[in-house]
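# Architecture at a glance
So the chains spell out like this:
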Amino acid sequence: MTRDSSFMKSLFHGVIADDLIFPYPSIPPEERENLTLMIDSVRKFMDTVDSKKIDREHRISDEVMSGARDLGLFGLNIPTEYGGLGLSQTSYARVMQEVAAKDNSLAVTLGAHQSIGLKGILMFGTEAQKKKYLPRLAAGEQLAAFALTEPGAGSDAAGITTRAELSADGEGYVLNGSKIWITNGGIADVFTVFARTSPQEEGSKPRITAFIVERGHGLKHGPNEEKLGIRGSSTTEIFFEDVKVPAGNVLGEVGRGFRVAMEVLNNGRLGIAAGATGACKSLLRMAVERCLERKAFGRNIADFGMIKDKIARMTIETYALESMTYLTTGLMDAGVTDYSLESAICKIFGSETLWRVVNETLQIAAGIGYMTEYPYERLLRDSRINLIFEGTNEILRAFVALSGMQGPGKNLTEIARAMREPIKGFGVLSDYTIQRVRTALGRERMTRMHPVLMKEAVAFSDFAGELGKASDKILRRHGKDVAEMQLAQKRLAELAIELYATAATISRTSAAIEQHGEVGAARQVDLCTAFVAQSASRMNRLVRQMDDNDDDLRKRIAGKTYEDLGYPFDVL
Ligand code: MYA
């Protein structure tokens, strides 16, 4: 396997790239030592943060911002030569996990700054751009924001209409348009802005260019939006009215800005998974504390089976989320360059796990969970956004399925061509036959797990075969209409999400057994066994529904409800 291989893209091809995910990534000892110290300081600092006050006042106080600055929290992922801490992806995620465990408004402010706001400069900036912008961003003297979304372009990122035209003197670009829901919009000084640099033409994809725009260039922002949650973070509209940006502020190549946006988002989505991991762990602690102190029918509620079931599920899913998040950051640290599917999967799984965990924690807290005096309802409000921003979970499911099928799809096109020219196409046909036979016979197996996890690995390998078969079948059945088959895409994406979570959990647990022995790692083995069993039953259902489903019925019902503009029936 090479650095540009993706574990999940290989899996869609029916290949289990064991060597990418085994052994489970670990942090080098010297980095671990620094990270432990850092985590300790961040925890102490976060204990001083009053989240209730932030939520009530709709702003993060100057003291909190300055405490974060002192700890270097604005320059975690910026290399030391530009004044940052130069943390690896794994250490960055681990620190953001601690911040999000305590306060989501601060996590989102720091995340919008580093995960996406300045990430374009890190990934695509020239040396001059890095030298100019990164030191002040690292120190937290300036904040960064990422400006892509527009009123008519949310999920459809390529549909933006903000224009950038070459200025009359040819020395820069003039930007006109507006962006909405920009995190840090009211407080940032440096914006990564995406604008079209080709005229708007019916049916043709625009050429998009990324720019570094300074507030001083003339960009304006609207008032802070009133939001359901993460109320301490700043979310505003921003406006460009003849904003002149020097040509030296083009980020990456002119016309290649869509790629900049996608690569930044691929990277940024892991911040949500890391934050969700932190939030889940802290909710679990709160839920357990509540279970142990609350009595009903003369007993602790922790004794009741239905409560134990909730706590067990929350623990199992948090374990799987943590496993996949740090598998992915480990892959990135190892230099793997294509992690777009893995990071989208982590974002979906992370945001949905957190949503279930926060909901169950509130349920365990029951009456007090609903009262604003306690933190549960705020945590519920704060968590909801994760299913929406950095790509809604719906568009990301479509992305996972379509992007995953792209490889097998290309294969099928080549096969079709080869069948028209059987002699020239012999190589392609025989390769394809070998791959299909391999998949059909189920010879692609996970082999590098610890033997204790043999049963789990067999389940993984079996369902991995099903993913290959399912994508093949969907592509043959729908051809190029597959882009319209969203329910098939959803099932395929869900199968892929389950598989990645399963693989990560097996890999991490294998490493735990190797390190601590079977007895020492017994708890992790239980979590892994339970997760894989639950996941396998979900995968079974998904595979069955690939052929046996009521998609058409549901689409018909939705169609009628649209026609009636809602629900038309009354009992009386
Ligand atoms: S920021 C705004 C977030 N917005 C989005 O995420 C937009 C979602 N939409 C998209 O991603 C795209 O429009 C989709 C494609 C995917 C739908 N990596 O024809 P195409 C390539 C690499 O499919 P479209 C926010 O919310 C593709 O291969 N390449 O494109 C901030 C093709 O290449 P080629 C990719 O149909 C909130 C080309 O692009 C990718 O137009 C603040 C065209 O593809 C990819 N992913 O749409 C967050 N996708 O031409 C703060 C496509 O070569 C977070 N391509 O074949 C803080 C966190 C911490 C707190 C946590 C607390 C718990």
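Described in the following lines is the structure provided in the data block.

Conventions used here
Residues numbered from 1 in each chain as written. Predicted model: local features only at pLDDT ≥ 70, side-chain atom pairs only at ≥ 80, totals over all residues. Heavy atoms only, no water. 1 Å grid on protein atoms, 1.4 Å probe; cavity = no way out; pocket = protein on both sides within 12 Å on 5 of 7 lines; lining within 4 Å. Points joined across faces, edges and corners; volume = space filled by probe spheres on them. Helix = DSSP H or I, 4+ residues; strand = E, 2+ residues; numbered from the N terminus. Nonpolar A, V, L, I, M, F, W, Y, C, P; charged D, E, K, R; others polar. Buried < 20%, exposed > 50% of the residue type's maximum accessible area, 1.4 Å probe, protein only. Pairing = 2+ DSSP bridges. Expected span 1.5 Å × (residues − 1). Bend = angle between axes of the 7 residues up to and from the residue. Polar contact = N/O pair within 3.5 Å; in protein donor to acceptor, adjacent residues only side chain to side chain. Phe/Tyr/Trp six-rings, centres within 6.5 Å; stacked < 30°, edge-to-face > 60°. Lys NZ or Arg CZ within 6 Å of the ring centre and 35° of its normal. Contact = heavy atoms within 4.5 Å. Near = heavy atom within 4 Å. Areas by Shrake-Rupley, 256 points an atom, 1.4 Å probe, with all protein chains shown as cover. Core = buried A, V, L, I, M, F, W, Y, C linked by side-chain atoms within 4.5 Å. Patch = residues over 30% accessible without salt bridge, like charges linked within 9 Å, V, L, I, M, F, W, Y side chains within 5 Å. Salt bridge = Lys/Arg side-chain N within 4 Å of Asp/Glu carboxyl O.

The next point concerns the layout of surface pockets. The computed volume of the second largest pocket comes to approximately 870 Å³. What lines the second largest pocket is a set of 29 residues, among which Tyr-24, Pro-25, Ser-26, Ile-27 and Arg-32 lie closest to the centre. The dominant element in the lining of the second largest pocket, judged by the number of residues it contributes, is helix α3 (residues 29-47), at seven residues. Split by residue class, the lining of the second largest pocket holds eleven nonpolar, nine polar and nine charged.

On to the pairing of strand β1 (residues 144-147). Neither face of β1 is left uncovered, since the one carrying Ala-144 and Phe-146 and the one carrying Ala-145 and Ala-147 both have all their residues buried. With four bridges connecting them, β1 and strand β4 (residues 190-196) associate as parallel partners. The partner of Ala-144 across the bridge, within β4, is Val-190.

Moving on: helix α7 (residues 104-117). Taking 1.5 Å per residue as the helical rise, α7 with its 14 residues ought to reach 20 Å, whereas the 17 Å between its terminal C-alpha atoms falls clearly short. Largest kink in α7: about 35°, centred on Gly-111. Burial of α7 is extensive: 14 of the 14 residues sit out of reach of the surface. Two or three places before Ser-105, at the start of α7, stands the capping residue Asp-103, its side-chain oxygen 3.1 Å from that residue's backbone nitrogen.

Turning to the packing of aromatic side chains, a few remarks are in order. Applying the stated criterion across every chain, the model contains seven aromatic pairs. A ring pair is formed by Phe-297 and Phe-304, whose centres lie 6.4 Å apart and whose planes are at 85°; its orientation type is edge-to-face. Linked through ring pairs, Phe-7, Phe-460 and Tyr-500 together constitute an aromatic cluster. Lys-119 extends its terminal NZ or CZ atom over the ring of Tyr-92, reaching a point 5.9 Å from the ring centre.

The next point concerns the environment of Pro-79. With respect to the helices, strands and loops of the structure, Pro-79 is situated in the loop between α5 (62-70) and α6 (89-102). The spatial distance from the C-alpha of Pro-79 to the C-alpha of Pro-568 is 60 Å, given a sequence separation of 489 residues. Not counting residues within four places of it along the chain, the set of residues in contact with Pro-79 comprises Gly-84, Gly-86 and Leu-122.

As a structural note, the neighbourhood of the ligand is formed by 30 residues, with Ser-155, Lys-205, Asn-266, Arg-269 and Glu-390 the closest of them. Between Ser-155 and the ligand, the recorded distance is 2.7 Å, taken from a backbone N or O atom to a nitrogen atom. One of the backbone nitrogen or oxygen atoms of Ala-157 is found 3.3 Å away from an oxygen atom of the ligand. Across the complex, the protein chains shield 73% of the 1300 Å² of accessible surface that the ligand would expose by itself.

With 93 residues, the main nonpolar core has Phe-7, Met-446 and Phe-460 as its most contacted residues. Residue contributions to this core peak at 14 residues, all from helix α17 (residues 486-520). Residues within four places of Met-446 in sequence aside, it is in contact with Ile-16, Asp-18, Ile-21, Phe-22, Ala-457, Phe-460, Ser-461, Ala-503 and Ile-506. In this structure, Ile-54, Val-95, Met-96 and Ile-238 belong to the second largest nonpolar core, which totals 43 residues.

Owing to its 3.6 residues per turn, the α-helix brings residues three or four apart onto one side. Here helix α9 (residues 127-139) is 13 residues long and its end C-alpha atoms lie 18 Å apart, about the 18 Å a rise of 1.5 Å per residue gives. Remark: the principal bend of α9, roughly 35°, maps to Tyr-133, with a proline, Pro-135, within the next four residues. Taken together, the buried positions of α9 are Gln-129, Lys-130, Tyr-133, Leu-134, Leu-137 and Ala-138. Check the buried side of α9 and you find it contacts α7, α8 (119-124), β1, β4, β5 (208-214) and β8 (250-251). The positive-phi residue at the C-terminal boundary of α9 is Gly-140, with phi of around 80°.

Here the focus is a nonpolar patch on the surface. Among the surface-exposed residues, Tyr-370, Met-371 and Tyr-374 lie close enough to one another that they form a single nonpolar patch of about 360 Å² accessible area. When you line up the elements, Tyr-374 lands in the loop between α12 (340-365) and α13 (376-384). Given the relative accessible area of 32%, Tyr-374 is considered partly exposed.

Another aspect to go through is the side chain of Glu-98. Relative to the elements of secondary structure, Glu-98 occurs in helix α6. Classification of Glu-98 as buried rests on a relative accessible area of 10%. Of note is the side chain of Glu-98, whose polar atom sits 3.0 Å from the side chain of Arg-43. Discounting chain neighbours no more than four positions away, the residues touching Glu-98 are Ile-39, Val-42, Arg-43 and Met-46.

Moving on to empty space enclosed by the protein. All told, the structure shown has two cavities of 30 Å³ or more when counted by the stated rule. The computed volume of the largest cavity comes to approximately 60 Å³. Lining the largest cavity we find Gln-89, Tyr-92, Ala-93, Ser-115, Lys-119, Asn-267, Gly-268, Leu-270, Gly-271, Ala-274 and Thr-329. At the level of secondary structure, the elements contributing two or more residues to the lining of the largest cavity comprise α6 and α10 (257-293). The dominant element in the lining of the largest cavity, judged by the number of residues it contributes, is α10, at five residues. Here the second largest cavity defines a volume of roughly 30 Å³. Surrounding the second largest cavity, Ala-100, Ala-101, Asn-104, Ala-279, Ser-282, Leu-283, Leu-379 and Ser-383 form its lining. Contributing elements (two or more residues each) for the lining of the second largest cavity: α6, α10 and α13. With three residues, α10 is the largest single contributor of residues to the lining of the second largest cavity. Its residues assigned to classes, the lining of the second largest cavity comprises five nonpolar, three polar and no charged.

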